[in-house]
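What follows is the residue order along each chain.
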Amino acid sequence: MSSYVSTRDSDIRVNASEAILKGLSDEGGLFMLDEIPSLPLEEMIGMDFQSTAKVILKAMLSDFTQDEINTCVEQAYTNKFETNECTPIVSVGDRYVLELFHGPTSAFKDVALSILPRLMSLAKKKNKTQEEIIILTATSGDTGSAALNGFSDVDGIRIIVFFPDQGISATQRAQMVTCNGKNVSVCAVKGNFDDAQSGVKTIFTSPETKKLSESRKLLFSSANSINIGRLIPQMVYYFKSYANLVNKGDILPGEPVNFAVPTGNFGNILAGYMAKLSGLPIAKLICASNSNNVLTEFLHSGVYDMRRNFLRTLSPSMDILLSSNLERMLYLSTDRNPTTINRYMNELYHHGYYQVDDSIKNKIDETFYSGFCSDTETLETIGNVYRDEDYLMDPHTAVAWKVSEDFKNAQINFHKTIVLATASPYKFAHSVLIALNQDGSGDEFSIIRRLHKLTGSPIPKNLIDLENMEVRHNSVIEKEDMAHYVFTKVGEQTW
Ligand SMILES: *Cc1c(COP(=O)(O)O)cnc(C)c1O
């Protein structure tokens, strides 16, 4: 039975359900399958989304039974997405766009966060865990709403979401602060996403948390993409989209393709890398960043350097300087060498940067291409693609489109390219309207209606409904007070 190991200590081994329950390994490492199984791509040609998910999840999460996986998949995806296909692929110009935003909160994170709570609930039963699970999550916007939606009123689990007070869209904020559910708590933090994320990481590893967990029988876990249960469901749409193109006759079985991925915490693209390692014919994974281009620099130079200013961009869900899942990629690129990973992560922690060896850099170059896209280029891209191809995209998707354009012009290969669309344009309606040279004044909902009037593109229902929902969460705290907030909250009987 395949098991999971920590990227920082190969003696720490757990099975899939434990890895999902814990989120992060005790010493700070991330869990990765000790061996990535090869997946039967041929069998998936012609399969629907749910059947594909059942095959992939069973292979990757081996201590769950097939029946358990099937139930989770059906509960997570039946009638929960706007389209039966969940993640439809459409042809746009000379590329394809894989639409990952038809879930309950209109962003790609819904794909994994619709199923993670169910896997976690089951993992709790399988491991006879007595503790109450407390999910702590820092969000750059989309994780929070998708996680709140997924975990809302799930038994035996409570969830606390921290979001940066500045730098998320009005719609994202509204989705979170209106969230219902007796087990959800939402709090704004004065600071940026990295502040919120470091705050959560500190809480996870603090001795005080450990003491509290023992005395109150709590188990702190994470719904961020440091949880392997977030990454594995994302492998499904890589396989599904490829199988779709084979099925349509657009590519031959085995023909390599490129995927262009708008990247922040490196979770989406890492699922693509795992898909490649399990046999999906991927030529290049195109890592697209916004002006917070720390990943672009790293993939070009081999130096990861966080000593720079954090910028707020029009693609806020990618405004990140510390890209957590890069650690998993490095682990896989160093032939799973925890000593090397510890060295790099220590250097990053103490000095703010590290440089990988040439051999690792070369290995990374085989698979990854990278580039970035400024805000001006993002707006231009949205405008151009709408004018030339009659396709409306959100700013995150536009970043990936633009970098895939640069990739095409660099003539690295001529394989077909699939651009991952990670949010509905209506989730970032203000920027999209500006990109179409329209007046961007007024509140978020009038903007959404204007964008609809202009383009005729359908508005996701969950976004229309937001307007009339009551704000339930008003807390705004200093980043130093996050631990205090959590310790107080867990002591309250009702939320
Ligand atoms: C989270 C998010 C991203 C970045 O995904 P990562 O897995 O963090 O790399 C890109 N676009 C949108 C809309 C997102 O919500």
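Residues numbered from 1 in each chain as written. Predicted model: local features only at pLDDT ≥ 70, side-chain atom pairs only at ≥ 80, totals over all residues. Heavy atoms only, no water.

Asker: How should I be thinking about the site of the ligand in this particular structure?
Answerer: Lining the immediate environment of the ligand, one finds 15 residues, of which Lys 109, Asp 142, Gly 264, Asn 265 and Thr 422 sit closest. Taking Phe 266, its main chain carries an N or O atom lying 3.1 Å from an oxygen atom of the ligand. Contacts to the ligand include Asn 268, whose backbone N or O atom sits 2.8 Å from an oxygen atom. Within the complex, 99% of the 380 Å² of free accessible area of the ligand lies under protein. The residue inventory of the shell around the ligand, partitioned by class, reads five nonpolar, eight polar and two charged. (Near = heavy atom within 4 Å. Polar contact = N/O pair within 3.5 Å; in protein donor to acceptor, adjacent residues only side chain to side chain. Areas by Shrake-Rupley, 256 points an atom, 1.4 Å probe, with all protein chains shown as cover. Nonpolar A, V, L, I, M, F, W, Y, C, P; charged D, E, K, R; others polar.)

Asker: Would you take a moment to explain the sheet that holds strand β8 (residues 184-190) for this structure?
Answerer: In sheet architecture, strand pairing relies on hydrogen bonds along the backbone and comes in two forms, parallel and antiparallel. Judged by pairing direction, the sheet is parallel, and its five strands sit side by side in the order β9-β6-β7-β8-β16 without closing on themselves. If you trace the sheet from one side to the other, it starts and ends with β9 (218-222) and β16 (476-478), each paired once. Taking each pair of neighbouring strands and ignoring which way they run, the sheet shows an average axis angle of 30 degrees. The pairing of strand β6 (residues 132-138) with β9 spans five bridges and is classified as parallel. Residue pairing in the sheet places Ile 134 in a bridge with Phe 220 of β9. Here helix α22 (residues 482-491) sits on the sheet in contact with β6, β7 (157-164), β8, β9 and β16, set at roughly 155 degrees to β7. (Pairing = 2+ DSSP bridges. Helix = DSSP H or I, 4+ residues; strand = E, 2+ residues; numbered from the N terminus. Axes fitted to C-alpha atoms, helices over the stretch in contact; angles between N-to-C directions. Contact = heavy atoms within 4.5 Å.)

Asker: How should the sheet that holds strand β1 (residues 4-6) be read in this particular structure?
Answerer: Ordered by their spatial adjacency, three strands build an open sheet running β2-β1-β3, and the pairing between neighbours is antiparallel. Every other strand in the sheet has two partners, leaving β2 (9-14) and β3 (31-33) as the edge strands with one partner each. Taking each pair of neighbouring strands and ignoring which way they run, the sheet shows an average axis angle of 40 degrees. In the sheet, β1 pairs with β3 via three bridges, with the strands oriented antiparallel. Bridge assignment links Tyr 4 to a residue of β3, and that residue is Leu 33.

Asker: How should I be thinking about the nonpolar core in this particular structure?
Answerer: For soluble globular proteins, the rule of thumb is that nonpolar side chains tend to be buried together. The biggest cluster of nonpolar side chains holds 107 residues, and the ones touching the most others in it are Tyr 4, Met 60, Leu 61 and Leu 330. Sort the elements by how many residues they give to this core and helix α11 (residues 228-248) lands first, with 11 residues. Contacts of Leu 61, omitting those with residues within four sequence positions, involve Tyr 4, Ala 16, Ile 20, Ile 69, Leu 119 and Ile 232. Among the nonpolar cores identified, the runner-up in size contains 36 residues, and Ala 288, Ala 398, Trp 401 and Leu 436 belong to it. (Core = buried A, V, L, I, M, F, W, Y, C linked by side-chain atoms within 4.5 Å. Buried < 20%, exposed > 50% of the residue type's maximum accessible area, 1.4 Å probe, protein only.)

Asker: Quick question: what am I supposed to make of the pattern of salt bridges here?
Answerer: The full count for this structure, using the stated rule, is 28 salt bridges. Shared partners join several salt bridges into a network, and the residues in it are Asp 94, Arg 95, Glu 405 and Lys 408. (Salt bridge = Lys/Arg side-chain N within 4 Å of Asp/Glu carboxyl O.)

Asker: I tried to follow the packing of aromatic side chains on my own but got confused; where do I start?
Answerer: Ring pairs (aromatic) are described by centroid distance and by the angle formed between their planes. With the rule as written, the count across this model stands at 12 aromatic pairs. Aromatic ring contacts, followed pair by pair, group Phe 298, Tyr 304, Tyr 344 and Tyr 354 into a single cluster. Here the basic side chain of Arg 95 rests over the ring of Trp 401, its NZ or CZ set 4.0 Å away from the ring centre. The cationic tip of Lys 126 hangs over the ring face of Phe 64; the distance from NZ or CZ to the ring centre is 5.5 Å. (Phe/Tyr/Trp six-rings, centres within 6.5 Å; stacked < 30°, edge-to-face > 60°. Lys NZ or Arg CZ within 6 Å of the ring centre and 35° of its normal.)

Asker: Can you help me understand the packing of helix α12 (residues 267-277) against helix α14 (residues 326-333) in this one?
Answerer: For any two helices packed against each other, the geometry comes down to the angle between their axes and how far apart the axes lie. Their axes nearest at 10 Å, the elements α12 and α14 cross at an angle of 25 degrees. Relative to α14, the element α12 is oriented roughly parallel. With respect to the hand of their crossing, α12 and α14 are arranged in left-handed fashion. Contacts between α12 and α14 involve Leu 270, Tyr 273 and Leu 277 on the former and, on the latter, Arg 328, Met 329, Leu 332 and Ser 333. (Parallel < 35°, antiparallel > 145°, perpendicular 65-115°, else oblique. Left-handed = near helix turned anticlockwise from the far one by under 90°.)

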